[in-house]
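Overview (structure and organization)
Single-letter residue listing:
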Amino acid sequence: MVFSDGVWYDPKDKLFKMWYMGGYGHSVCYAHSEDGLHWTKPDLDVTKGTNIVHPFTRDSSIVWLDQQDPDPKRRYKLFRSHSEDKRFGLSVYFSEDGIHWADRALRTGSAGDRTTAYYNPFRKVWVYSLRHGWGTPRRRRYWETTDLVKGKMWEQIGEPPMWLESDKLDPARKDLNITPQLYNLDCVAYESLMIGLFAIWRGDKNIPPGRPKPNDLCVGFSRDGYHWHRPDRSAFISVSEKQGDWNWGNVQSAGGCCLVVGDELYFYHSGRAGSPGDGKARDTAGSTGLAILRRDGFASMDATETGGTLTTRPLQFKGKYLFVNAAASEGDVSAEVLDEKGTSLPGLSKTDCISIKTDKTRQQLAWKNAGLDTVRQPARIRFHLKQAGLFAFWISPNTAGTSEGYVAAGGPGLTDRNAG
């Protein structure tokens, strides 16, 4: 099962690639796929006759495909969480192919067991999402560095600052009535923001013997990778309440968070079936599953047949063409561009707009005789919706509708920063 680890699309090899935990607390294994659905576990030469790529004990780990590193031998990065000298921390390794790993490049400072890492391209830093301590409510401390090898560790400077935790808005399960805690946070850059998958621990006591921890995944977003917004605290990917299901408990995210596959987002995640009635075997029977979401489908602004409007804040932009991700097969969506006084610009009014009446994740919204290249910035866009939902909008430099945003863990036909 993926216990963070990583699922990425490698444009160099045109393959989906998955790293996962092989045996509870044991090695890192590797599989690949051409479509993200049917997977092959190849026989490799690291541990002959197996698909093991790193044969050492571990807790969670992260494999990161770094296409920006100028050194091809560091294209893949492995952050392995494990105990050494009676303390937990991360060991960091580099690889050219994600299969053969060089000797350890560094050992981090101390951290709790469920510690992970990610890259924030907006700040151009590597971030350690550190579990805070032992025997205390689960929460996260923060550490960032521009250089994985030469950057200072927290124990050289001081204790990492407290960062994130659950709060009173995170609902407790009614059957357990236990205050939730933040179990883990995996993050990735997607379009113009950071996506965070928050693993929320719902309780550890009073659950049936053999049932894994009822951890859910919730979603949040950030503009800088440090300050997070979680407007919806309900489970994004939840455990099953049916005993015997593969995800009866302990749903956990994959490193890289999600992949862009055509008009959909693929969220690989793990779950555990446990062993009903056996309190010592609740973490057994781990598997990896796939949840699929409409692209940009995290939230939408919806209007009924009576209609509604959405007006943006003042925008600065470089492109010329307005694109939307909207569901309007039974209604329509149009737009107007407003000056600083809230007045429609000539040629860019609602009546000049060619409304759309389809359900697509990428469709141009244009005007009859004018374009955004004539707009004096900053300007606002006011969308008019009727029996429709608006998921996202962006301003593209071309009629193909590329957003030039980040693409999370990648996908077929995409480069590192080309949302296609």
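Residues numbered from 1 in each chain as written. Predicted model: local features only at pLDDT ≥ 70, side-chain atom pairs only at ≥ 80, totals over all residues. Heavy atoms only, no water.

**Thoughts on the pattern of salt bridges**
Cut-off, in case you're wondering: Salt bridges are defined as contacts in which a side-chain nitrogen from Lys or Arg sits within 4 Å of a carboxyl oxygen from Asp or Glu. The helix and strand labels rest on DSSP assignments: H or I over at least four residues marks a helix, E over at least two residues marks a strand, and numbering proceeds from the N terminus. Between buried and exposed lies partly exposed: a residue is buried under 20% and exposed over 50% of the maximum accessible area for its type, with that area taken using a 1.4 Å probe on protein chains only.
Here the structure, examined in full by the defined rule, presents 24 salt bridges. The partner of D216 in a salt bridge is R202, and the shortest N-O contact between them spans 3.1 Å. With a gap of 14 residues between them, D216 in strand β16 (residues 216-222) and R202 in the loop between β15 (193-201) and β16 connect regions that are remote in the sequence. Across the pair, exposure class does not vary: D216 and R202 are buried alike. Each of D10, D13, K17 and R75 takes part in salt bridges that share partners, so that together they form one network.

**Notes on the pairing of strand β28 (residues 380-386)**
Rules: Two strands pair under a simple rule: DSSP has to find at least two bridges between them.
Direction of pairing for strand β22 (residues 308-311) relative to β28: antiparallel, over a ladder of four bridges. Among the inter-strand pairings, G308 is bridged to a residue of β28, identified as L385. Relative to β28, strand β24 (residues 332-338) is paired through seven bridges, and the arrangement is antiparallel. Paired with S334 across the two strands is H384, which belongs to β28.

**What about the environment of R80?**
For clarity, the cut-off: Throughout, a residue-residue contact means that at least one pair of heavy atoms, one from each residue, lies within 4.5 Å. Distance and chemistry together define a polar contact, namely a pair of N or O atoms within 3.5 Å, with one atom able to donate a hydrogen and the other to accept it when in protein, and with adjacent residues in sequence counting only for side-chain atoms on both sides.
By the element assignment, R80 lies in strand β7 (residues 76-84). On a C-alpha basis, the gap between R80 and D59 in space is 7.4 Å, while along the polypeptide they are 21 residues apart. Residue contacts for R80: discarding those within four places in its chain leaves H54, F56, T57, R58, S60, S61, G89, L90, S91 and Y93. A distance of 2.8 Å separates a polar atom in the side chain of R80 from the backbone oxygen of T57.

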